[in-house]
Amino acid sequence: MNVSEAIRSKRAVRAFRDEPLSEAEVNAILDAGRRSQSSKNSQPWHFIAVQQRERLQAIAALGDNIGHAGGSALCVVIVVPQDNERTLWHFFDTGQAAAYMQLAGQELGIGSCLGTVYDPDGLRDLLGFPADHQARLLISFGYPAAQQPRRGLGAGGRRRFAEVAHHETWGG
């Protein structure tokens, strides 16, 4: 699968088969995140790969919109330094790492879904990352279940190109 095909076919997957990922697949996903670009090559991230079912369900219980984590084969929690002068860049870099990991999963036939962490202290208690770090983003991974609920902007799922792409100036 080439990158263009992976981007076109990528969908948020919130329902997964009860099937584990191989160690090689997990490592390929994590390594894609490690290799992503970052501002000034700062590489501010740490990735916590969670696969234990009880811990996945505990993560899912921390928020209303991250239930998909409980049924996933893998949840990657992205941890970056606590708020400082580089926080906005750290979050941008986190998004880059997340996209790389999701595309690596897509190439392997593994679905994924992003989740926002609204209880960072609860997540810290559960996963034990240091107090001078924070986690605001996680990604659930697994083999897609046969039926996926449709959500979003309709059958195409995306706004039209002309609605979002501008050349030279807004509306240009």
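Caption draft 1: The arrangement of the packing of aromatic side chains in detail. Within the structure shown, the criterion is met by 2 aromatic pairs. Between W45 and F47 the ring centres are 6.1 Å apart and the planes differ by 15°, which places this aromatic pair in the stacked class. Residues W89 and F92 carry aromatic rings whose centres are separated by 6.0 Å and whose planes lie at 80° to one another, so their mutual orientation is edge-to-face. Of this pair, W89 and F92 both sit in helix α4 (residues 87–107), 3 residues apart, which is roughly one turn of the helix. Look at F92 and you get partly exposed, because its relative accessible area is 46%.

Caption draft 2: Seen up close, the pairing of strand β2 (residues 74–81). Buried residues dominate β2, accounting for 7 of its 8 residues. Bridge count between strand β1 (residues 46–50) and β2: 5 bridges; the pairing is antiparallel. Opposite F47, over in β2, you have I78 as the bridge partner. In the sheet, β2 pairs with strand β4 (residues 133–142) via 8 bridges, with the strands oriented antiparallel. Across the sheet, the residue bridging to I78 is L137, located in β4.

Caption draft 3: Seen up close, the packing of helix α2 (residues 23–34) against α4. In the contact formed by α2 and α4, the axes pass within 7 Å of each other and the chain directions differ by 145°. The crossing of α2 and α4 is right-handed. When α2 is examined against α4, the residues A28, I29, L30, A32 and G33 are found in contact with a partner set consisting of A97, Y100, M101, A104 and G105. Among the residues making up the contact of α2 with α4, the classes are represented as 8 nonpolar, 2 polar and no charged.

Caption draft 4: Representation of empty space enclosed by the protein in the model. In total, this model carries 1 cavity of 30 Å³ or more according to the counting rule given. For the largest cavity, the calculated volume is near 30 Å³. Around the largest cavity, the lining residues are I59, L62, I66, V117, Y118, D119, L123 and L138. For the lining of the largest cavity, the residue count by class is 7 nonpolar, no polar and 1 charged.

Caption draft 5: The sheet that holds β4, seen in detail. Within the open sheet, the 4 strands sit side by side as β1-β2-β4-β3. Their pairing is antiparallel. In this open sheet, the two strands that pair with only one neighbour each are β1 and β3 (111–116). Neighbour to neighbour, the strand axes of the sheet diverge by 25° on average, direction disregarded. Where helix α3 (residues 53–60) meets the sheet, its contacts fall on β1, β2 and β4, and the angle it forms with β2 comes to roughly 60°.

Cut-off values and rules
Residues numbered from 1 in each chain as written. Predicted model: local features only at pLDDT ≥ 70, side-chain atom pairs only at ≥ 80, totals over all residues. Heavy atoms only, no water. Phe/Tyr/Trp six-rings, centres within 6.5 Å; stacked < 30°, edge-to-face > 60°. Helix = DSSP H or I, 4+ residues; strand = E, 2+ residues; numbered from the N terminus. Buried < 20%, exposed > 50% of the residue type's maximum accessible area, 1.4 Å probe, protein only. Pairing = 2+ DSSP bridges. Axes fitted to C-alpha atoms, helices over the stretch in contact; angles between N-to-C directions. Left-handed = near helix turned anticlockwise from the far one by under 90°. Contact = heavy atoms within 4.5 Å. Nonpolar A, V, L, I, M, F, W, Y, C, P; charged D, E, K, R; others polar. 1 Å grid on protein atoms, 1.4 Å probe; cavity = no way out; pocket = protein on both sides within 12 Å on 5 of 7 lines; lining within 4 Å. Points joined across faces, edges and corners; volume = space filled by probe spheres on them.

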